[in-house]
Amino acid sequence: MSTVLISGPQTLRGSVSAPPSKSETIREVVASVLSKGASRVINPLLSDDTAATLRCCHALGARTMVSPDSWRIQSRGTVFSPRAPLNCLESATTLRFLTAVGALAPGPVVLTGEKSLLRRPVGVLAASLRQLGVECYTEKGDEYPPVIVMGGGLEGGETSLRGDESSQYVSALLFASPRARSAVKVKLSTPLESAPYVEMTLRTLRRRRIRVDPSREMDEYTIPPDQSYQPTNVKISGDYSSASFLFAGGVITRSKITVNNLVRDSGQADEKILQILRQMGVETNIERGAVSIVNVPEALSSIEVDIGDCPDLAPVLSVLACFAEGTSILRGARRLRIKESDRLSALESELSKLGAEIKAKDDQLVIEGTGRLEGSTIDSHGDHRIAMASIVAALAADGVSRVSDAQTISKSYPNFLQDLGALGAELDVR
């Protein structure tokens, strides 16, 4: 347990580098396990989630050599049945991807995790795998982990699932289906949300010479059978999701900062933060892999944003909206109920403690910009993004704030507090 004390308001300055993308790192590790030969993941993110992926993939038969700037993953291209359950810690991405990949093992694979992960649904994916000939079910017969996959491989065929609960289900099926004994067709019964994350998976598969034929609307995917993953070397790009917290800190403290290690047109869903900042009147500059906050207006403009494709931006946008002029609305937020916490409720309760006027209504967050916040004691709800958003908000709040469970930040951005410190933030970690 750790608590961060922040006395605000503060001013930031200088530059730091964005951490590598968690989503890309996990995808490349999983693809490396399915590739026969040696692959290198260059500039990977080392966090709780990616470490869980690496350990689980080692248990599935891959040999790993880890150094600070690259991971070498040697695989036979086949998946083994591990002797013990795979502990995915709190990484839903790891559990869902490896539930589908576990179907390729010759025998049973059991997947479990820590407390918050056991509240993340997986029943839709298990049902789809059963439609493809895999014996797969949850331990309690409900929607939640632990999951038991009997292995033996995918027969193939057709499966239908919702596209608006988690794009990770689609990505999981896309990883496993190229190894099916007959062609697989994945159909979505509702529109796909978080489509950029499925596009990221498709890019990963193309790098491994895997063929997937998606429809134009990305509501249907045809995967030929008996394909072979090819090993490759890939460099992980900087993460806009993590960088968005730094941008928000710079904007609400009216500071000029620069975040390096970011590429334009990354294909990451959360690169949308740059477009939204421009809508709010913030002047940014993108040059040679660096994004700078150049100018912040006297009053930020309010926003109306559909976050269906970028739900991880909700905490950051909620904080920014507190300092905007007028009413901001974040739509398409329903899936925030099933993240590490109920993020709709968590954002409403914790930002309200700071004096924000914020209400969760159905699938929306409605924020009345007040232009100022007051220091308070904040519960992170065991959620890394709630913790980071609260710390950022406290930088511009009047008085002292205390944010609990700050250690949860290591799930996705272990160096967050150090990077804020490098930008001049004064933080007391206890």
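See the structure above.
Here's the deal with the sheet that holds strand E13 (residues 220-223)
Argument step 1. With mixed pairing, the four strands of this open sheet are ordered in space as E10-E11-E13-E12. On the outer flanks of this sheet lie strand E10 (157-161) and strand E12 (213-214), each paired with one strand and no other.
Argument step 2. For E10 and strand E11 (residues 184-188), the ladder comprises five bridges, and the chain directions are parallel. Bridged to glutamate 158 within E11 is lysine 185.

Concerning the nonpolar core
Argument step 1. The biggest cluster of nonpolar side chains holds 77 residues, and the ones touching the most others in it are Phe247, Ile273, Leu317, Leu320 and Phe416.
Argument step 2. If you tally residues by element for this core, the top one is helix H11 (residues 384-395), at nine residues.
Argument step 3. If sequence neighbours within four positions are ignored, leucine 317 has contacts with Ile273, Ile276, Ile303, Val305, Ile307 and Leu330.

Quick word on the packing of aromatic side chains
Argument step 1. Applying the stated criterion to the full structure yields three aromatic pairs.
Argument step 2. One aromatic cluster is present, built from ring pairs that chain together Phe245, Tyr413 and Phe416.

Describing the packing of helix H4 (residues 123-131) against helix H5 (residues 167-176)
Argument step 1. At their nearest, the axes of H4 and H5 sit 9 Å apart, and the two run at 30° to each other. Considered as vectors, H4 and H5 are oriented roughly parallel to each other. Taken as a pair, H4 and H5 cross one another with a handedness that is right-handed. Here Val124, Leu125, Ser128 and Leu129 of H4 lie close against H5, whose contacting residues are Tyr169, Ala172 and Leu173.
Argument step 2. Taken together, the residues of the contact of H4 with H5 break down into six nonpolar, one polar and no charged.

Quick notes on the packing of helix H1 (residues 22-33) against helix H2 (residues 48-59)
Argument step 1. Two elements in contact, H1 and H2, have axes whose closest approach is 10 Å; the angle formed by their N-to-C orientations is 5°. Regarding the angle of H1 to H2, the classification is roughly parallel. Taken together, the residues of H2 that come into contact with H1 (itself represented by Lys22, Thr25, Ile26, Val29, Val30 and Val33) are Asp49, Thr50, Thr53, Leu54 and Cys57.
Argument step 2. Of the residues that constitute the contact of H1 with H2, the class distribution is six nonpolar, three polar and two charged.

Some words on the sheet that holds strand E22 (residues 357-361)
Argument step 1. Across the sheet, four strands lie side by side as E19-E21-E23-E22; this open sheet has mixed pairing. Unpaired on one side and paired on the other, strand E19 (304-306) and E22 mark the two borders of the sheet. Taken over all neighbouring pairs, the strand axes of this sheet differ in orientation by 10° on average, direction set aside.
Argument step 2. Pairing analysis gives three bridges linking E19 to strand E21 (residues 327-331), with the strands arranged parallel. The partner of aspartate 306 across the bridge, within E21, is arginine 331.

Calculation notes
- Residues numbered from 1 in each chain as written.
- Predicted model: local features only at pLDDT ≥ 70, side-chain atom pairs only at ≥ 80, totals over all residues.
- Heavy atoms only, no water.
- Pairing = 2+ DSSP bridges.
- Helix = DSSP H or I, 4+ residues; strand = E, 2+ residues; numbered from the N terminus.
- Core = buried A, V, L, I, M, F, W, Y, C linked by side-chain atoms within 4.5 Å.
- Buried < 20%, exposed > 50% of the residue type's maximum accessible area, 1.4 Å probe, protein only.
- Contact = heavy atoms within 4.5 Å.
- Phe/Tyr/Trp six-rings, centres within 6.5 Å; stacked < 30°, edge-to-face > 60°.
- Axes fitted to C-alpha atoms, helices over the stretch in contact; angles between N-to-C directions.
- Parallel < 35°, antiparallel > 145°, perpendicular 65-115°, else oblique.
- Left-handed = near helix turned anticlockwise from the far one by under 90°.
- Nonpolar A, V, L, I, M, F, W, Y, C, P; charged D, E, K, R; others polar.

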